[in-house]
Amino acid sequence: MSATRYAYLGPEGTFTEVALRTLPEAATRELVPMVSVPAALDAVRNGEAAAALVPIENSVEGGITATLDELAAGDPLMIYREVLLSITFALLVRPGTKLSDIKTVTAHPAAQPQVRNWMAAHLPQAVWESAASNADGARLVQEGRYDAAFAGEFAAATYGLEPLVTEIHDAENAQTRFVLVGRPARPSAPTGADKTSVMIWLGDDHPGALLELLQEFAVRGVNLMLIQSRPTGEGIGNYCFAVDAEGHIADRRVGEALMGLKRICPKVRFLGSYPRAGVSADEVRPLRAGTSDSDFTEAADWLARSQDGRI
Ligand SMILES: O=C(O)C(=O)Cc1ccccc1
């Protein structure tokens, strides 16, 4: 039964739900809205859902910390897919509300940096309060708890609201990235346009510790696509790093970089290798000389021959 269920950050009408519905397999799954990212991921951990779609990064503010922290802690989970969605907000209100009536607004915390300038220009006096998601904000407006919510225009009908203003986005082309997370299993085969996510804990505090981490990728020609520090919770100055690298764990250069990290860091958590959204293999940047799988294999063969004296 659980194999057919996909959880997502709900309630009905979130951007996350829209992102989930872009996955072909969503049509044949039971889609289950959850109240928070931790609840969605726990549904996967305890077997109630086969997978969960949650937001992880947006192009305006970077990593969505609640998701990164959930993936760093607790029983391990893995990312199997990513979805990119262009985000533009509508200001949803109860029918009849005018802009001048709005004293309180709500939305998911990740929405705020995407509408901050618009709010300063059009609702300078309004008080912001965070909601569990953008659709949850719309639900709270329906209940009369707030005057307006920033959410997808599509959420208006679900909650009996009307879009007072549409196309609100401080940054052009703002995108949010979502990931489909499941219990640990073998990643899908490399496609030639893949991404690998890891969480890395640094060891003892010393000059250059972060540089040493980065060097493992740099010397093997592995490009990084995200690096975000997160506090470990063990006091000021203690951080772990969420890193997205270009390539698949089955690529020799990526595997060798992860082995290098494993040797020098106290803890590395593999979070998955999965196809990059919206990028095909022929669009991926060319490899740096000496970093292809065959370069690694030839070097390993050379070493074995040398160790045997077969030079
Ligand atoms: O999916 C939603 O609606 C969310 O609340 C998460 C979110 C927040 C900001 C932009 C996109 C998605």
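Here, residues in each chain are numbered from 1, in the same order as that chain's written sequence. In keeping with the predicted nature of the model, local features appear solely for residues at pLDDT of at least 70, side-chain atom pairs appear and are counted solely at 80 or more, and the whole-chain, interface and lining totals rest on all residues. Excluded from the side-chain calculation are hydrogens and water; included are all heavy atoms of the structure.

- The name recorded for the protein chain in an unreviewed UniProt entry is Prephenate dehydratase, from Kitasatospora albolonga.
- According to the UniProt record, the Subunit (unreviewed entry) comment for the protein chain reads "Homodimer."
- UniProt positions are given in the numbering used here, feature names are shortened, and annotations may be inferred rather than shown by experiment. The UniProt entry for the protein chain carries the following text under Pathway (unreviewed entry): "Amino-acid biosynthesis; L-phenylalanine biosynthesis; phenylpyruvate from prephenate: step 1/1."

### Overview of the site of the ligand
Line of reasoning, step 1. Residues are classed as near a molecule or strand on a simple rule: at least one heavy atom within 4 Å of it. Taken together, the neighbourhood of the ligand is formed by 13 residues, with Thr14, Phe15, Thr16, Ser133 and Asn134 sitting nearest.
Line of reasoning, step 2. Definition of a polar contact: a pair of N or O atoms within 3.5 Å, with one able to donate and the other able to accept a hydrogen when the atoms are protein atoms, and with sequence-neighbouring residues admitted only if both atoms are side-chain atoms. Between Phe15 and the ligand, the recorded distance is 3.0 Å, taken from a backbone N or O atom to an oxygen atom.
Line of reasoning, step 3. Using a 1.4 Å probe, the Shrake-Rupley method yields the accessible areas, and only the shown protein chains count as cover for residues. With the chains in place, 100% of the 320 Å² that the ligand exposes on its own is no longer accessible.
Line of reasoning, step 4. For the shell around the ligand, a count of residues per class yields six nonpolar, seven polar and no charged. For this scheme, ten residues count as nonpolar: Ala, Val, Leu, Ile, Met, Phe, Trp, Tyr, Cys and Pro. Four count as charged, namely Asp, Glu, Lys and Arg, and the remainder, Gly too, count as polar.

### A few points about the sheet that holds strand 14 (residues 239–246)
Line of reasoning, step 1. At least two bridges found by DSSP between two strands is the condition for calling them paired. A run of H or I in DSSP counts as a helix once it spans at least four residues, and a run of E counts as a strand once it spans at least two, with each numbered from the N terminus. If you trace the four strands from one edge of the open sheet to the other, you get 13-14-12-15, paired in antiparallel fashion. Only two strands of the sheet have a single partner each, and these edge strands are strand 13 (224–231) and strand 15 (267–275). Strand-to-strand twist in this sheet, taken as the mean axis angle between neighbours without regard to direction, amounts to 15°.
Line of reasoning, step 2. Whether two residues are in contact is decided by their heavy atoms, any of which lying within 4.5 Å being enough. All axes here are fitted lines through C-alpha atoms, helices being fitted over the stretch that makes contact, and every angle between N-to-C directions spans 0 to 180 degrees. Helix 3 (residues 65–72) contacts strand 12 (194–201), strand 13, strand 14 and strand 15 of the sheet and is inclined by roughly 80° relative to strand 13.
Line of reasoning, step 3. Docked against the sheet, helix 8 (residues 252–264) engages strand 12, strand 14 and strand 15, running at close to 5° with respect to strand 12.

### Some details on the pattern of salt bridges
Line of reasoning, step 1. Put simply, a salt bridge is a Lys or Arg side-chain nitrogen that is within 4 Å of an Asp or Glu carboxyl oxygen. Applying the stated criterion across every chain yields a total of 21 salt bridges.
Line of reasoning, step 2. For Glu82, the salt bridge is made with Lys195, and the minimal N-O distance between the two is 3.0 Å. Placement of Glu82 in strand 5 (residues 78–86) and of Lys195 in strand 12 is noted, with a sequence separation of 113 residues between them.
Line of reasoning, step 3. Put simply, Glu57, Glu82, Arg177, Lys195 and Asp244 are held in one network by salt bridges that share partners.

### A few points about the environment of Ile200
Line of reasoning, step 1. As for its placement among the helices and strands, Ile200 is situated in strand 12.
Line of reasoning, step 2. Throughout this description, buried means an accessible area under 20% of the type-specific maximum (1.4 Å probe, protein chains only), exposed means over 50%, and partly exposed covers the range between. For Ile200, a relative accessible area of 0% corresponds to the buried category.
Line of reasoning, step 3. In this structure, the C-alpha to C-alpha distance between Ile200 and Phe15, residues 185 residues apart in sequence, is 29 Å.
Line of reasoning, step 4. Not counting the four nearest positions on each side in its chain, Ile200 is found in contact with Leu213, Phe217, Cys240, Phe241, Val243, Leu261, Cys265, Lys267 and Val268.

### Here we look at unusual backbone geometry
Line of reasoning, step 1. Residue Pro11 is reached from Gly10 by a cis peptide bond, and omega for that bond is -5°.
Line of reasoning, step 2. Within the secondary structure, Pro11 sits in the loop between strand 1 (5–9) and helix 1 (15–21).
Line of reasoning, step 3. In the Ramachandran plot, Glu167 falls in the positive-phi region, its phi being about 60° despite a non-glycine side chain.
Line of reasoning, step 4. In this fold, Glu167 is placed in strand 10 (residues 162–168).
Line of reasoning, step 5. Not every positive phi belongs to a glycine, and Asn173 is a case in point at roughly 60°.
Line of reasoning, step 6. Turning to its location among the elements, Asn173 is positioned in the loop between strand 10 and strand 11 (175–182).
Line of reasoning, step 7. The exposure class assigned to Asn173 is exposed, which follows from its relative accessible area of 66%.

### Thoughts on the pairing of strand 8 (residues 127–130)
Line of reasoning, step 1. Where strand 7 (residues 104–107) meets strand 8, four bridges bridge the pair, whose relative direction is parallel. Among the inter-strand pairings, Val105 is bridged to a residue of strand 8, identified as Trp128.
Line of reasoning, step 2. Here, the term right-handed applies to a crossover whose path from the first strand over the helix to the second runs clockwise when the strands point away from the viewer. Following the backbone out of strand 7, through helix 4 (residues 112–122) and into the adjacent parallel strand 8, one traces a crossover that is right-handed.

### Comments concerning the UniProt feature "site: Essential for prephenate dehydratase activity" (unreviewed entry) in the protein chain
Line of reasoning, step 1. Feature annotation in UniProt places "site: Essential for prephenate dehydratase activity" (unreviewed entry) on Thr176, given in this structure's numbering.
Line of reasoning, step 2. Since its relative accessible area comes to 6%, Thr176 is described here as buried.
Line of reasoning, step 3. The residues touching Thr176, leaving out its near neighbours within four places in the chain, are Pro55, Glu57, Asn58, Val83, Leu84, Leu85, Ile87 and Gln114.

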